[in-house]
Amino acid sequence: MKDNRSIIEKADIAVSNLVSSGGYLNAEQADAFVRMIIDQPTIINDCRVVRMNAPKRKIEKIGFGSRILRAAPSSGVALDASKRAAPDLGLIELETEEIIAEVWLPYDVLEDNIERGGLENTIMAMIAERAALDLEELIVLGNTGSADSYLALMDGIINLTPSGRTVDGSAITDIDKSLFKAAIQNMPTRFLRNRAMMKHYISHHAEMEYRDSIADRATTLGDEKISKFTPMFAYGTPVQPTAMMPDNKLFLSYPKNIVWGIQRDIMIETDKDIRRRVLIIVLTMRCDVKVEEPQACVVVENFTDAGLPSTTTTS
């Protein structure tokens, strides 16, 4: 049986395979790690991911927010200058903030994985799984005015939604079709041309209450909501349960309207705590989140349901 010194020495050798000069992952390793984060079942799996080579990046956007067609003038006469259409031009500026993911691996875990020769994959998978959940929390609940230093790094999608697109749902006391109707009715008409491409993001508890309201129906659809885990829809738009969405909030938008930028310079470093018998792996990276078109976002908040838990943990 191997002693602890042998285990940790082999772990250090295995971890060294992950890092290049200065502890930074090389381009291939960084891309592989980002893919692991994206593959986790979080909002990042849906949104637009922008890989950045520097702390700042500007993304151009172009579109038409109003009518461009006009009645044609007489033959040979040009359209009056006042009736010409000009595109709406703009920029999204991503500016990354530094965040850290930390994993403590006990010696016995190291021993098991060294025997299988998969320690590097185990380390990256463990970090990616937890980091994806923490990143979703920042994407959803980020608030530069928060007392939580992590959430205060940047505004998330709820705070990036304009006040004019935020709906008070306090009159909604049952999570049923009325909740989703309120969201859709407050979305500007020009963004409703393809509701199937949008998503209602709600908490897992809220999604269960909506599922339960459908299950109460004495129909085949109602039976399926109890016996199977079938996708949920509301007025043609998918309903997506999201781990870090508060139970009293709903966010409606196009998933690709959410832009998550991550800088390629990802660093991984290690340390030991011999008293706790663990190898410590710290991964540092930089990221930012923006919405491309704020007016294409709707938040419904303050709704309630008797079936929701009185307290909810997001950790």
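Residues numbered from 1 in each chain as written. Predicted model: local features only at pLDDT ≥ 70, side-chain atom pairs only at ≥ 80, totals over all residues. Heavy atoms only, no water.

S.K.: Mind showing me how you'd approach helix α2 (residues 27-38) here?
M.R.: Side chains of residues three or four places apart in an α-helix project in the same direction, reflecting 3.6 residues per turn. The terminal C-alpha atoms of α2 lie 16 Å apart, and with 12 residues this matches the ideal 16 Å at 1.5 Å per residue to within 8%. Residues Q29, A30, F33, V34, I37 and I38 constitute the buried set of α2. Elements that come into contact with the buried residues of α2 comprise β1 (48-52), α4 (119-141), β10 (258-263) and β12 (278-291). (Helix = DSSP H or I, 4+ residues; strand = E, 2+ residues; numbered from the N terminus. Expected span 1.5 Å × (residues − 1). Buried < 20%, exposed > 50% of the residue type's maximum accessible area, 1.4 Å probe, protein only. Contact = heavy atoms within 4.5 Å.)

S.K.: How should I be thinking about the packing of aromatic side chains in this particular structure?
M.R.: Think of a pair of aromatic rings as described by two things: how far the centres are apart, and how the planes are tilted against each other in angle. Per the stated rule, a full pass over the model turns up two aromatic pairs. Measuring from centroid to centroid gives 4.5 Å for F180 and Y210, while their planes differ by 55 degrees, and the two rings are tilted. Of this pair, F180 sits in helix α6 (residues 177-185) while Y210 sits in helix α7 (residues 204-215); the two residues are 30 residues apart in sequence, bridging distant segments of the chain. The exposure class assigned to F180 is buried, which follows from its relative accessible area of 0%. For Y210, a relative accessible area of 5% translates into the label buried. Judged by centre distance (6.4 Å) and plane angle (35 degrees), the ring pair of Y201 and F251 falls under tilted. (Phe/Tyr/Trp six-rings, centres within 6.5 Å; stacked < 30°, edge-to-face > 60°.)

S.K.: Would you mind going over the sheet that holds strand β13 (residues 298-301) with me for this structure?
M.R.: Taken in spatial order, the six strands line up as β5-β13-β9-β6-β8-β7 in an open sheet, and their pairing is mixed. Since the sheet does not close on itself, it has two edges, and those belong to β5 (166-168) and β7 (232-234), each with one partner. Shown here is a sheet whose adjacent strand axes are inclined to one another by a mean of 25 degrees, direction ignored. Note: strand β6 (residues 199-202) against strand β8 (residues 237-241), three bridges, orientation parallel. (Pairing = 2+ DSSP bridges. Axes fitted to C-alpha atoms, helices over the stretch in contact; angles between N-to-C directions.)

S.K.: Sorry if this is basic, but what is going on with the environment of I92 here?
M.R.: Mapped onto the elements of the fold, I92 is located in strand β3 (residues 88-95). The class for I92 is buried, based on a relative accessible area of 5%. I92 sits 34 residues away from K58 along the chain, and the two C-alpha atoms are 5.6 Å apart. With residues near it in sequence (within four places) discarded, I92 still touches R57, K58, I59, K61, V259, K290 and E292.

S.K.: Help me out: how do you make sense of the pattern of salt bridges in this one?
M.R.: Side chains carrying opposite charge are able to pair once their charged atoms draw close together. All chains considered together, the criterion is met by 10 salt bridges. In this structure, D31 and R51 form a salt bridge, with 3.6 Å as the shortest nitrogen-oxygen distance. Separated by 20 residues along the polypeptide, D31 in helix α2 and R51 in strand β1 bring together distant segments of the chain. Residue R51 is classed as partly exposed on the basis of its relative accessible area of 26%. For the salt bridge of K199 with D46, the shortest nitrogen-to-oxygen distance reads 3.0 Å. Placement of the pair is K199 in strand β6 and D46 in the loop between α2 and β1, with a sequence separation of 153 residues. (Salt bridge = Lys/Arg side-chain N within 4 Å of Asp/Glu carboxyl O.)

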